[in-house]
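Below are the chains, spelled out letter by letter.
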Amino acid sequence: MLPTITDTALNALTQAASQIQSALLDHSGEQYEIQDLNEVLAHWLERSIESLCEDACEFCVTGDRTHSSFNRDVFDAQLKQRPSINIWEQAAAMAQEAKDQTALAVERAA
């Protein structure tokens, strides 16, 4: 199950929107509603997440560590914390077990 957006993250968005609202007013004289800025930030974050996912997929498919995408070290660290099953090792073990069973059956039949 995917994690949900926490209240902490939502509060950070609202706080960022408030800071952006003040900065835009001070620097350019433009006034935006907080709700509009929250929507802009949410849309920007969605696109950023899509881009990060593309980076993660590219990294996983190619194994190319020369391309340094944003926060890839966090992706690596999180991935290492999760259990995995090496299906190649699992298949090799199953093949060896089948081979051993066949040899045992042949030995008993002889």
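Being a predicted model, the structure only gives us computed values, none of them experimental.

**Q** Explanation requested: the overall build of the chain in the structure shown.
**A** Of regular secondary structure, the chain possesses four helices and zero strands. Listed by position from the N terminus, the elements making up the chain come as α-α-α-α. In summary, the chain has a C-alpha radius of gyration of 26 Å against a globular reference of 13 Å for 110 residues, an excess of more than 25%. Each principal axis of the C-alpha distribution contributes one length, and for the chain these read about 95 × 30 × 20 Å. Taking all 110 residues of the chain together, 10% fall into the buried category. For the chain, long-range pairs separated by at least 24 residues make up 18% of all intrachain contacts whose partners lie at least 6 apart in sequence. Here the chain holds 7 positive side-chain charges and 18 negative ones, and the gap between their average locations is 16 Å.

**Q** Can you help me understand the packing of helix H2 (residues 34-62) against helix H3 (residues 72-80) in this one?
**A** Two quantities define a packed helix pair, namely the angle between the helix axes and the distance between the axes. Remark: H2 packs on H3, axes separated minimally by 11 Å, with the N-to-C direction vectors making an angle of 60°. Like other packed secondary-structure pairs, H2 and H3 cross with a definite hand, here right-handed. Touching Ala56, Phe59 and Cys60 of H2 are Arg72, Phe75 and Asp76, all from H3.

**Q** Mind showing me how you'd approach the pattern of salt bridges here?
**A** A side chain of one charge can pair with a side chain of the opposite charge when the charged atoms of the two come close. For the structure on display, the rule yields one salt bridge. Arg47 serves as the salt-bridge partner of Glu50, at 3.0 Å between the closest nitrogen and oxygen. A residue pair is termed a helical-turn pair when its members lie 3 or 4 positions apart in one helix, as Glu50 and Arg47 do in helix H2 at three residues.

**Q** Before we go on, may I ask you to explain the state of the cysteines in this structure?
**A** Every disulfide links exactly two cysteines, by a covalent bond between their sulfur atoms. All chains considered together, the criterion is met by zero disulfides. Not part of a disulfide, Cys57 finds its nearest cysteine sulfur in Cys53, a span of 6.6 Å.

**Q** Even after reading the chapter, I still don't get the confidence of the model for the chain, so can you show me in this structure?
**A** In low-pLDDT regions, the fine details of the predicted coordinates are not to be read closely. Looking at the chain as a whole, its pLDDT mean stands at 86, while 93% of the residues score no less than 70. Ranking the elements of the chain by mean pLDDT puts H3 last, at 80, and helix H1 (residues 7-28) first, at 93.

**Q** Explain the packing of H1 against H2 here, please?
**A** Contact geometry of H1 with H2 gives a least axis separation of 9 Å together with a crossing angle of 115°. Of the possible angle classes, the one that applies to H1 and H2 is roughly perpendicular. Two packed elements cross with a definite hand, and for H1 against H2 that hand is right-handed. Contact residues: H1 offers Leu13, Thr14, Ala16, Ala17, Ser18, Ile20, Gln21 and Leu24, while H2 offers Ile34, Leu37, Asn38, Leu41 and Leu45.

Conventions adopted
Residues numbered from 1 in each chain as written. Predicted model: local features only at pLDDT ≥ 70, side-chain atom pairs only at ≥ 80, totals over all residues. Heavy atoms only, no water. Helix = DSSP H or I, 4+ residues; strand = E, 2+ residues; numbered from the N terminus. Rg over C-alpha atoms; globule rule 2.2 N^0.38 Å. Buried < 20%, exposed > 50% of the residue type's maximum accessible area, 1.4 Å probe, protein only. Contact = heavy atoms within 4.5 Å. Lys, Arg positive; Asp, Glu negative; His and termini not counted. Charge placed at Lys NZ, Arg CZ, Asp CG, Glu CD. Axes fitted to C-alpha atoms, helices over the stretch in contact; angles between N-to-C directions. Left-handed = near helix turned anticlockwise from the far one by under 90°. Salt bridge = Lys/Arg side-chain N within 4 Å of Asp/Glu carboxyl O. Disulfide = S-S within 2.5 Å. pLDDT = per-residue confidence, 0-100. Parallel < 35°, antiparallel > 145°, perpendicular 65-115°, else oblique.

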